[in-house]
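Chain by chain, the residues:
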Amino acid sequence: MPETVRAQRSLTEEAQQVLRQHFRSAESPRARVLWWDAGGHLRDVVRRACQERDVPFVEQEHPLAFRRWVAKQSETPSDEPDEVVWYVPDAPRGRDWFRDVKHMGHIVEKSIEDLAADLYGIKTWQLRISATDRPVSDRLAAILLDNLRGSSHPTFEQLQGRLVIQADEGIIEYLLREGWEMLPTSSDDLETVRSLLRDRGVPELPSDEGPEAMVEAVRRWAVAGWLSQAGVPDTAFPGAIAESDLGYAYRRLKAVLREDLQSKIFGTYQRRYWDEIIDQIEDSWTLARCPVDGALDERLWAEWEADFEAERFEACREHAAERADALREHTGRQGEPVVKETPPRIRVWSQAAALADLAHRYETWDERNVPAHVLYADREEGSWQIDAAVRRIIVSGTPEEDLPSGHPARESLAGHRQRLVETEYLNYLRDLSDEMETALAQGELVDDNLSPAVHFWSDHEKELGAGNEALFFYLDALRLDLARELAGQLQALSDASDELDLNVEESTRLGVLPSETEFGMAAVLPGRPKSYEVRLDNGDLTAYRNGSAMRTDKRRKLLREEGWTVVSSDSSDWSDTRTAYYSKEIDDYGEASMKDIEQRLAERVRTLADHIFERMENWNRAYVVADHGFVLLPENAQFEDLTPPGGDVKRRRVAAEDLSDDGPGVLLTGERVPELFSYLSSPVRLLLDPQHRFKKQGIPDSRYYHGGALPQECILSFLKIEAA
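Just so you know, these numbers come straight off a predicted model, no measurement behind them. (Residues numbered from 1 in each chain as written. Predicted model: local features only at pLDDT ≥ 70, side-chain atom pairs only at ≥ 80, totals over all residues. Heavy atoms only, no water.)

Draft legend 1. Local environment of the pattern of salt bridges. For the coordinates displayed, the defined rule picks out 45 salt bridges. A salt bridge links Glu461 to Arg528; its shortest N-O distance comes to 3.3 Å. Taken together, the positions of Glu461 in helix α22 (residues 461–464) and Arg528 in the loop between α24 (517–523) and β8 (532–537) put the pair 67 residues apart, joining distant regions of the chain. The class of Glu461 is partly exposed, set by a relative accessible area of 39%. Between Lys584 and Asp588 there is a salt bridge, and its shortest N-O distance comes to 2.9 Å. Accessibility expressed as a relative area gives 47% for Lys584, which makes it partly exposed. (Salt bridge = Lys/Arg side-chain N within 4 Å of Asp/Glu carboxyl O. Helix = DSSP H or I, 4+ residues; strand = E, 2+ residues; numbered from the N terminus. Buried < 20%, exposed > 50% of the residue type's maximum accessible area, 1.4 Å probe, protein only.)

Draft legend 2. Broad picture of a negative patch on the surface. Judged by side-chain charge, Glu309, Glu311, Glu363, Asp366, Glu367, Asp431, Asp434, Glu435 and Glu437 come together as a negatively charged surface patch. Of the residues forming the negative patch, the biggest block, 4 residues, is contributed by helix α20 (residues 409–442). Within the element layout of this structure, Glu435 appears in helix α20. The class for Glu435 is partly exposed, based on a relative accessible area of 33%. (Patch = residues over 30% accessible without salt bridge, like charges linked within 9 Å, V, L, I, M, F, W, Y side chains within 5 Å. Areas by Shrake-Rupley, 256 points an atom, 1.4 Å probe, with all protein chains shown as cover. Lys, Arg positive; Asp, Glu negative; His and termini not counted. Charge placed at Lys NZ, Arg CZ, Asp CG, Glu CD.)

Draft legend 3. Expanded view of the nonpolar core. Among the nonpolar cores identified, the biggest contains 184 residues, and Tyr474 and Leu486 are the most heavily contacted of them. Grouped together as the second largest cluster of nonpolar side chains are 37 residues, Val33, Leu42, Ile112 and Leu140 included. (Core = buried A, V, L, I, M, F, W, Y, C linked by side-chain atoms within 4.5 Å.)

Draft legend 4. Region of interest: the sheet that holds strand β16 (residues 648–650). Spatially, β16-β17-β19-β18 is the arrangement adopted by the 4 strands of the open sheet, whose pairing is antiparallel. On the outer flanks of this sheet lie β16 and β18 (666–668), each paired with one strand and no other. Within this sheet the neighbouring strands show an average axis-to-axis angle of 15 degrees, counted without direction. (Pairing = 2+ DSSP bridges. Axes fitted to C-alpha atoms, helices over the stretch in contact; angles between N-to-C directions.)

Draft legend 5. Here's a closer look at the packing of helix α19 (residues 384–395) against α20. Across the interface, α19 lies against α20 with an axial gap of 11 Å and an inter-helix angle of 150 degrees. Considering the angle they form, α19 stands roughly antiparallel to α20. Between α19 and α20 the crossing geometry is left-handed. Touching Trp384, Ile386, Asp387, Val390, Ile393 and Ile394 of α19 are Arg417, Val421, Tyr425, Tyr428 and Leu429, all from α20. Its residues placed into classes, the contact of α19 with α20 shows 9 nonpolar, no polar and 2 charged. (Parallel < 35°, antiparallel > 145°, perpendicular 65-115°, else oblique. Left-handed = near helix turned anticlockwise from the far one by under 90°. Contact = heavy atoms within 4.5 Å. Nonpolar A, V, L, I, M, F, W, Y, C, P; charged D, E, K, R; others polar.)

Here it is in C-alpha cells:
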C-alpha cells in the first residue's frame, strides 16, 4: 500500500491558522482581512474561526456593501475594530475594489477546495476530480465539511474517493456496494477512478475496458480476500492478486456486508467468482464461515447432500447450522428470526439444519427404554420436538425456489423436506400410537413426571383459593409443543425487559380422555378430582362437576360463583384480582380452515406471549392451562374411515354402555385403570392410529383432529408464571 497522507487539522483550525498569519503580517496596528469564498461554503467555518480569535466577523453578499457598512460605523473608517474579517461568499473574478485593504490587512482567496487542499499539503488541482473553474457543488462541499471537522479525518486517498463518488465513503466500498451506478463514464473520470483504485492497491485492473470490468475486478479481489481470510492459501490465486493486500480487501468487503440489512448486496457476492480455486480445496467445510462466492456455497451443498444420503445426520446438522450462522453473522442478522424476507441462502441452510436434526430424531426417538409419555414429553429428548420441528419446517416454506437456477439445492431440498414432514412423520405417529396403546392398556402413564389434569386445581388449592390474586388463561388446543414455545417466548420477553422479571414453570399432565374441549375444560375448573365425572347422559357423553353438566355457559357460571371474573381479550374487566380468560382461536384454526395453519399457529403463539406478558404488569401470578392438544397430519395423508358401533360417535372416539373389547384403538373404563380413569363412568373407545377415524356424516376430510389418545392429543403442558 502507498504511504497515506492524513489531515492534521480541521477546516476551522486551518482557517484560524490563515487568519493568524495574515493579522501578524499586517503593516499597521489596525488589521483588516477580506475573505473571498467562491461558492460560500466556508461561511460557518470562517465565522467559528473568528469566534475562536474573538475577531468580528462581518458578512456582505456584495463587496460594495462594505463601503456602506464602514460608513455606518462612524464618519471615518478609523473607528473600525483593530482586527476585523470581511467575508464575501463569492470569487473576485478580476474585480479590484479594495486597493486600500492592502494598507490595512490582507486579501484571502480561499474556497472550501483550497482550504481542504492546504490541509493535505497539496495543490487544489490535485484534489479536484475534474478540470473546472467552477466552485464545488453543494453535495461535494458537504462531503468536505463532514469529513474535515472534528479530530478524525480520512486519508487523502479516502477523501478523493469520496469526492469521486459523491458519497461519504471510500471508492472501493462504493464499487463493492453499488457497482458503477451513478458514477460518470467519461474517459477522464474512468482514469480518475482507476488511479484511485491503483493507489489503494487493487490489482489486475483492466486498462482498456469499461466501468463494468473495473467493478468486476474490484469484487473478485475482495472475494479473494475473504477466501484468503477463511483459509485458502494466497498462492492459489493469480500472482498479482496473491501479492496484493488481501487482508485489506477482506476488511472492505466485510464492512460492506455488515451494513447490508436487506439482501441486494449479499446476493451480489453469491455469484460464482473463483470456481477453479474452490475446486482445489480438499475439505470445503473448513471454509464454511466464508459467506461469499456462490461456487463455495454450491460445493458445500454437494458435500452436505452426500452426508445426508449417507445418513450422517449429526454432521449434516452441525455443518448446516454453522453455515447458516455464518451467513447471518456476516450480514448483521444474528438476533433476527429467519423469515421470508431473509436472504434465500440463509433460509436454505437453516432448513437444512432443521431437516438433518429431524432425520436424526426419527432414527433415535424410540431407542430409550422408558414409558410412552416420557418418550413423548421429556423436555430434552422427547419426541414432542419432532412435532415442533415438522411444524417449523413447514412454516419456513420452500426457500430453495429463490435460489439461482444452477444451485443444486433447488433439485434436492424439496425431496428431503417432503419425505421427512410427510412419509416419515406418519411412520413416527403410527409407531408412537403403538407405544401409547400399550401404556394405556397397562396403566403405565402416570408417575412423578406426569400428573392427571383433573388434579390441577387441587394441586394449587392454596394459591387459587379465595383472597389470592391470580390470572387464569384457558387456551383451547394448546398442544404441548406450542405451550413450551409460549413458555420460551415469555421467558425471552422477560429477559429482554428492564421492568418485568418473570419466572415460568411447567408441569406436564395427562389430559382428560376423550381429549375434547367439553371434557378437558371441565377438568381444570375449581373443585376436587372426585367431583369430576364423564358419563353418558341420554346417549351423549357429558362432563359433570358436582353433578352438574359442564357446558360452556355452566363452566363460566361455576367460575363466577367461585369469585372469578371471566373476560375476553377486549374486555374492560381485566382489573379484577381473580380473572379468567378463554381463547378458542387455536382450535378454531383447525376446525375452520387448513390454509396456512402452521404459520397461523406460530403467529398465535407470538401474540399470546405478548398478550400475557403485557397483562403480567398488573399481576404477580398467572396460570396457563389447556383442554387438549391435536394431531396435524401432512396435506396428502390418506384416511381410513372405520365403521363405529352404536353410541355417541365422534371422529376419534365412540362412547356406549355396551362396547366390546374387540375393535380398533383402546377401550377405557374407570374400573380397568381406576388410578387414571376413575372419572369415566361410561366406557369409551379411543383411536390411536393417526390415519384412523370413525365415519360420521357431515365431517369433511381434514388434517386436523383431536379426541383420540395419541400423546399429541392428550399429554399437555401447563404453565405457572410468577413476577419477581
